[in-house]
Amino acid sequence: MRARREPPPFRIVEVARIEPRNPHMVRITLAGPMLQGLDPGLPAASVRVLLPGDPTEVVLPTWAGNEFLFADGSRPTIRTLTPLSFRSGPFELDIEVVRHGNGILSAWVDTAKAGDRVAVSGTGRGYKIDPAVRSFLLAGDESALPAISMLLRALPPEAEVEVAIEIRHPDARLELPAHPGATIQWCQLEAGSTPGDFLFAAVTSAQIAPDTRVWAAGEAAAAQRIRRHLFDERGLSRSHAVVRGYWKYGRGGVRVDV
Ligand SMILES: Cc1cc2nc3c(=O)[nH]c(=O)nc-3n(C[C@H](O)[C@H](O)[C@H](O)COP(=O)(O)OP(=O)(O)OC[C@H]3O[C@@H](n4cnc5c(N)ncnc54)[C@H](O)[C@@H]3O)c2cc1C
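The structure presented is a predicted model; accordingly, all values stated were derived computationally and were not measured.

**Comments concerning the sheet that holds strand β6 (residues 77-81)**
- Pairing in this open sheet of 7 strands is antiparallel, and the strands run β6-β3-β9-β1-β2-β8-β7 from one edge to the other. Taken across any chain shown, the strands that pair with only one partner, and hence form the sheet edges, are β6 and β7 (85-87). For this sheet, the mean angle separating the axes of adjacent strands, direction not counted, is 35°.
- Where β7 lies against strand β8 (residues 92-98), 3 bridges are found, and the strand directions are antiparallel. Counterpart to Phe86 in the pairing with β8 is Leu93.

Structure follows, in structure tokens:
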């Protein structure tokens, strides 16, 4: 097996604040001196969050060439999130987590309290914005809302930005950062539909000019369908679109690797 590049080291942090953003999304502020030197990365970057079995004592794994492992060979519980905002003095990192009701991370959010410890490693690759581009399409589901917020803050104000967001419930909408050229379309999944259906429909029905840049993220199978549509059917240049699978529908405990 080919060795992968070692990710940045884990930093132990504490939950400082927990703030519901809506009934389905929680903002958690992580804090601690070990965040000093964390590279905030580009918009829509990623961080690995290690959830310890015991929130009072974080045992850190080591990099085993291809993944993080504990000394006894067991795998730590690590999930990938978006480093929404990073501040220094005191050092704080905000993450926002979807309460989808069916996973270790989602359950952790429901029980986390100030003072609980986790560890973060990052940041992973983000989106490099071409400042000369004047047309963007952003598409994502609830898990991509933090990344879309970061992108809206960072895109050139002169650009036209079409945003399509798939939500499961009407109250999953969030107030997004204002962008003068943004048009936001919220698409609510209907009963019986599969996560990603509306995301795919939003991308296939969008006007995409040859110079438009597309950024899309959400359920992994939908991301795959979107890639095929953009690159194989529309013939969009691969350098003009970033499409990322953020989670896998119906696969308990399986993480989409970044
Ligand atoms: C680069 C990147 C950035 C990400 N940023 C964020 C972020 O900022 N906020 C965020 O909430 N998520 C984000 N995600 C997605 C997040 O990593 C996954 O949703 C996470 O693995 C869920 O962990 P879990 O333990 O709750 O569920 P898992 O153990 O991964 O899965 C258990 C079950 O829950 C289902 N499930 C998992 N995630 C979701 C979901 N979002 N909606 C509905 N069902 C789900 C699975 O299909 C499975 O059936 C990001 C992923 C990547 C790759």
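**Observations concerning the sheet that holds strand β10 (residues 135-141)**
- Pairing in this open sheet of 5 strands is parallel, and the strands run β12-β11-β10-β13-β14 from one edge to the other. Each edge of the open sheet carries a strand with a single partner, namely β12 (182-188) and β14 (241-247). Each adjacent strand pair in this sheet contributes to an overall mean axis angle of 10°, direction not counted.
- Direction of pairing for β10 relative to strand β11 (residues 160-167): parallel, over a ladder of 7 bridges. By the bridge assignment, Leu137 is partnered in β11 with Glu162.
- Contacts from helix α2 (residues 145-154) reach β10, β11, β12 and β13 (213-219), with the element oriented near 160° to β10.

**Some thoughts on the confidence of the model for the protein chain**
- When the pLDDT values of the protein chain are averaged, the result is 94; 96% of them are 70 or greater.
- Contacts for the low-pLDDT stretch residues 253-258, under 50 throughout, to residues beyond four places or in other chains number 11 contacts.

**Side note on the domain arrangement of the protein chain**
- By the assigned domains, the protein chain splits into domain 1 (11-123) and domain 2 (135-247).
- For domain 1 versus domain 2, the distance between C-alpha centres works out to 25 Å.
- Contributing elements (two or more residues each) for the side of domain 1 that touches domain 2: β1 (11-22) and β8.
- Across the side of domain 1 that touches domain 2, the residue classes break down as 6 nonpolar, 3 polar and 2 charged.

**Quick look at the pairing of β14**
- Along β14, 6 of the 7 residues are buried, which leaves the element largely enclosed by surrounding structure.
- Summarising the sheet, β13 and β14 pair through 6 bridges and their orientation is parallel. Directly across from Glu219, in β14, lies its bridge partner Trp247.
- The parallel pair β13 and β14, bridged by helix α4 (residues 220-233), forms a crossover whose chirality is right-handed.

**Re the pairing of β10**
- The buried fraction of β10 amounts to 6 of the 7 residues, a majority that puts the element mostly inside the structure.
- As for the winding sense of the linkage, the β-α-β connection from β10 through α2 to β11 is right-handed.
- Bridge count between β10 and β13: 5 bridges; the pairing is parallel. The residue bridging Phe136 from the neighbouring strand is Arg213, located in β13.

**Description of unusual backbone geometry**
- Here Gly89 and Pro90 are connected by a cis peptide whose omega angle stands at -5°.
- Residue position: Pro90 is located in the loop between β7 and β8.
- Between Gly122 and the following residue, Thr123, the backbone shows a cis peptide bond with an omega angle of 10°.
- Its location among the elements puts Thr123 in strand β9 (residues 117-124).
- Phi at Ala44 is positive, roughly 65°, even though this residue is not glycine.
- With respect to the secondary-structure elements, Ala44 resides in the loop between β2 (25-31) and β3 (46-51).
- Of the residues examined, Ala44 has 26 C-beta atoms within 10 Å and is grouped as buried.

**Quick notes on the packing of helix α3 (residues 197-204) against α4**
- It is the contact of α3 with α4, at a shortest axis distance of 9 Å, that shows an interaxial angle of 15°. One way to sum up the angle between α3 and α4 is to call them roughly parallel. For the pair α3 and α4, the sense of crossing is right-handed. Residues Leu199, Phe200, Val203 and Thr204 of α3 touch α4, and the partners they reach there are Ala222, Arg225, Ile226 and His229.
- Its residues assigned to classes, the contact of α3 with α4 shows 5 nonpolar, 2 polar and 1 charged.

Each value, and the rule that gives it
Residues numbered from 1 in each chain as written. Predicted model: local features only at pLDDT ≥ 70, side-chain atom pairs only at ≥ 80, totals over all residues. Pairing = 2+ DSSP bridges. Helix = DSSP H or I, 4+ residues; strand = E, 2+ residues; numbered from the N terminus. Axes fitted to C-alpha atoms, helices over the stretch in contact; angles between N-to-C directions. Contact = placed C-beta atoms within 7 Å. pLDDT = per-residue confidence, 0-100. Domains from an automatic or database assignment. Nonpolar A, V, L, I, M, F, W, Y, C, P; charged D, E, K, R; others polar. Buried ≥ 20, exposed ≤ 12 C-beta atoms within 10 Å, placed from the backbone. Right-handed = clockwise from strand over helix to strand, strands pointing away. Parallel < 35°, antiparallel > 145°, perpendicular 65-115°, else oblique. Left-handed = near helix turned anticlockwise from the far one by under 90°.

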